[in-house]
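This is what each chain is made of:
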Amino acid sequence: MMSNDGFTTSGLRRLREVLARHVDSGRIPGLVALVSRGGRTHVEALGTMRHDGGAPMRRDTIFRMASTSKPVSIAAAMVLLDECRLRLDDVVDPWLPELAGRQVLRRIDGELDDTVPARRPITVRDVLTSTFGLGMDMTALGTPILNAVFERGLTPNLPTEVPEQDEWMRRLGELPLMHQPGEQWQYQISSDLVGVLVSRVSGQSFEEFLRERIFEPLGMADTGFHVPAGQLDRLPTLYAPDPQSGEFQAWDEPEGGRWSKPPAFQGGGGGLVSTADDYHAYFRMLLNGGIHNGRRILSRPAVELMTTNRLTPEQNAARTALARNAVHISFGQGQQGGWGIGMAVRTYRGDYAPIGQFGWDGGSGTSAYADPATQVTGILLTQVGYTVPSPAHLMNDFWTTVYQAIED
């Protein structure tokens, strides 16, 4: 079969057919998919910006990256580590005084005042590795601590708006931890906390620092925490279909929507908008050991640290149990096993992707991974949220076909 510099022609044809099947089904209005290996990049833009038609998807369509923000926003903290402006085992109290002198719940479902003192202070390492003691634990929904997290607007897009970062920190500081510092991997809140840490250490806003040190050097011109007014026609409507009927419901419109103006809080956990090509530049830089077009963005050891599993077997067991036992809620996502810094790292062969693949998915229908073993980078972007299984099914089929398309 004819080679396409790393992908077979027949493999890429099948990839297009499989993606088109999802769009033709009516469940995915449109998508942009990018795969690269070696010097070749292949892009498919299929379908439309709205579920009822409208403008076609284009290669430069801007998407809400949701949790696929995490692997990119973490790079800001790695720059500070490279420059010795942060150390992994520094106590965070000088920059995040709101988190000094923590109390820890005796039990995860206990009342907020049923606590013991933390055994030690929180460190930079705890924050960067999502083990500082607070997070979105889907097995603990309905507990006093998670109810308090939601009520205070500490996670995005729930009933309460997320406040600006100093007020966000003040509210965070009112809560006890769910686990002792360093003990348990937990999702989401740490990724937003990293942004506050970077902002306070650097004296810049999180977005300014990211733009100066990551986005501009990589040519990521369309990546940020909102879409400028003149570019809103490039942002599709984001849908959260009804879980029962599958009927399309607009969760966020471009005009006047959540991303149409700068947010009060620049959330590294899920706030970025971006394009397939911008994300490709970032993940190729990681695969290239921190260098982009001859310019060093991150040190090789920083990249290796981010993209290597660093959870202990005990921490990994909890994360794996969460992924496998919540499969009916997550539609199968999150089962890679390990976690590095800001992203998942595959620690066992559970599907078509090899061990060592790194990246993450987003609840708005986004997926971005790269893997050193095959040198493949893949980015899949759509505008359908995880209220229904269709974006997860699309992602699964995307990765299944990408790995079959590799020229051996």
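The residue count restarts for each chain, going from 1 along the sequence in the order it is written. Residue-level local features of this predicted model are given only where pLDDT is at least 70; pairs of side-chain atoms are given and counted only at 80 or more, and the full residue set underlies all totals for whole chains, interfaces and linings. With hydrogens and water stripped out, all remaining heavy atoms of the structure feed into the side-chain values.

*Asks:* How do you make sense of the overall build of the protein chain when you look at a structure like this?
*Replies:* Secondary structure summary: the protein chain contains 13 helices and 16 strands in total. Its C-alpha atoms give the protein chain a radius of gyration of 20 Å, near enough to 22 Å, the size a compact globule of 408 residues would have. Projected onto its principal axes, the C-alpha positions of the protein chain cover 65 × 45 × 40 Å. By the convention used here, residues are in contact when the closest approach between their heavy atoms is within 4.5 Å. By sequence separation, contacts in the protein chain at least 24 residues apart represent 67% of the contacts at least 6 residues apart. Methods summary: accessible areas were calculated by the Shrake-Rupley approach with a probe of 1.4 Å, and residue burial reflects only the protein chains presented. As presented, the protein chain carries roughly 16200 Å² of accessible surface, and 50% of it is formed by carbon and sulfur atoms. Charge counting follows a simple rule: Lys and Arg are positive, Asp and Glu are negative, and His as well as the terminal groups are ignored. For this purpose, a charge sits on NZ of Lys, CZ of Arg, CG of Asp or CD of Glu. Taking the 38 positively charged and 47 negatively charged side chains of the protein chain as two groups, their mean positions are separated by 4 Å. A run of DSSP states H or I qualifies as a helix once it reaches four residues; a run of E qualifies as a strand once it reaches two. Both are numbered from the N-terminal end. The globule rule is 2.2 Å times the number of residues to the power 0.38, and the radius of gyration it is compared with is taken over C-alpha atoms.

*Asks:* Is there a simple way to explain helix 8 (residues 206–218) in this structure?
*Replies:* An α-helical turn contains 3.6 residues, so any two residues separated by three or four positions project in the same direction. Compared with an ideal rise of 1.5 Å per residue, which puts 13 residues at 18 Å, helix 8 spans 17 Å between its outermost C-alpha atoms and is within 8% of the ideal. Approximately 40° is the largest bend angle found in helix 8, and it occurs at E212. Residues of helix 8 that are buried: F206, E207, F209, L210, I214, F215, P217 and L218. The inward-facing, buried residues of helix 8 abut helix 2 (70–73), helix 3 (75–82), helix 7 (189–202), helix 9 (276–287), strand 10 (291–292) and strand 11 (295–296). Within two residues after helix 8, G219 carries a phi angle of roughly 70°, on the positive side. One less than the number of residues in a helix, times 1.5 Å, gives the span that helix is expected to have. At any given residue, the bend is defined as the angle formed between two axes, one fitted to the seven residues that end at that position and one fitted to the seven that begin there. Each residue is assigned to one of three classes by its accessible area relative to the maximum for its type, calculated with a 1.4 Å probe on protein chains only: buried under 20%, partly exposed between the two thresholds, exposed over 50%.

*Asks:* How should unusual backbone geometry be read in this particular structure?
*Replies:* Glycine aside, residues mostly have negative phi angles, and peptide bonds mostly take the trans form. The backbone of Q188 sits at a positive phi, close to 80°, despite the residue not being glycine. Note on placement: Q188 falls in the loop between helix 6 (165–172) and helix 7. Even without being glycine, N293 reaches a positive phi, approximately 50°. Assignment of secondary structure puts N293 in the loop between strand 10 and strand 11. On the basis of relative accessibility, which here comes to 72%, the residue N293 falls in the exposed class.

*Asks:* Would you explain the environment of P56 in this entry?
*Replies:* Structurally, P56 can be placed in strand 3 (residues 53–56). Along the backbone, P56 and L46 are ten residues apart, and their C-alpha atoms lie at a distance of 7.3 Å. Here P56 is in contact with G47, T48 and M49, once residues within four sequence places are set aside.

*Asks:* Is there a simple way to think about the side chain of R171 in this case?
*Replies:* Within the fold, R171 resides in helix 6. Within 3.5 Å is the distance limit for a polar contact, defined as a pair of N or O atoms, with the added protein rule that one can donate a hydrogen and the other accept it, and that residues adjacent in sequence qualify only through two side-chain atoms. Among the polar contacts listed, one links the side chain of R171 to the side chain of E167, at a separation of 2.8 Å. Setting aside residues up to four positions removed in sequence, R171 forms contacts with R152, G153, L154, T160, E161 and P163.

*Asks:* Any chance you could explain the nonpolar core here in plain terms?
*Replies:* One recurring pattern in soluble globular proteins is that nonpolar side chains are buried together. L128, W168, Y282 and L298 are the most contacted members of the largest nonpolar core, which totals 114 residues. Beyond its immediate sequence surroundings of up to four residues, L298 is in contact with A75, M78, V79, D82, M285, L286, G289, G290, V303 and M306. What we call a nonpolar core is a set of buried Ala, Val, Leu, Ile, Met, Phe, Trp, Tyr and Cys residues that are connected through their side-chain atoms within 4.5 Å.

*Asks:* Explanation requested: the packing of aromatic side chains in the structure shown.
*Replies:* Two aromatic rings, taken as a pair, are described by how far apart their centres are and by the angle between their planes. Pairing of aromatic rings covers Phe, Tyr and Trp, the last counted by its six-membered ring, and requires centre-to-centre distances within 6.5 Å; plane angles under 30 degrees mean stacked, over 60 mean edge-to-face, and any other angle means tilted. In total, this model carries 14 aromatic pairs according to the counting rule given. When the centroid spacing of 5.9 Å and the interplanar angle of 65° are considered together, the rings of Y187 and W360 count as edge-to-face. Taken as a pair, Y187 in the loop between helix 6 and helix 7 and W360 in strand 14 (residues 358–362) lie far apart in primary sequence, 173 residues in all. The class for W360 is buried, based on a relative accessible area of 8%. Plain terms: the ring middles of Y282 and F283 are 5.6 Å apart, the flat faces sit at 80° to each other, and that makes the pair edge-to-face.

*Asks:* Looking at this structure, I do not really get the sheet that holds strand 12 (residues 337–339). What am I missing?
*Replies:* The strands making up a sheet associate through hydrogen bonds between their backbones, and the pairing can be parallel or antiparallel. An order of 3-2-1-16-15-14-13-12 is seen for the eight strands of this open sheet, with the pairing classed as antiparallel. This sheet does not close on itself; its edge strands, each paired only once, are strand 3 and strand 12. With strand direction ignored, the average angle separating the axes of adjacent strands in the sheet is 20°. By this definition, two strands are paired if DSSP reports at least two bridges between them. Pairing analysis gives three bridges linking strand 12 to strand 13 (residues 344–346), with the strands arranged antiparallel. In the sheet register, W339 faces strand 13, and the bridge partner there is A344. Sitting on the sheet, helix 1 (residues 9–24) is in contact with strand 1 (30–37), strand 2 (40–50) and strand 16 (376–382), with an inclination near 15° to strand 2. To obtain each axis, a line is fitted to C-alpha atoms, and for helices this fit is confined to the stretch in contact; angles are then taken between N-to-C directions over 0 to 180 degrees.

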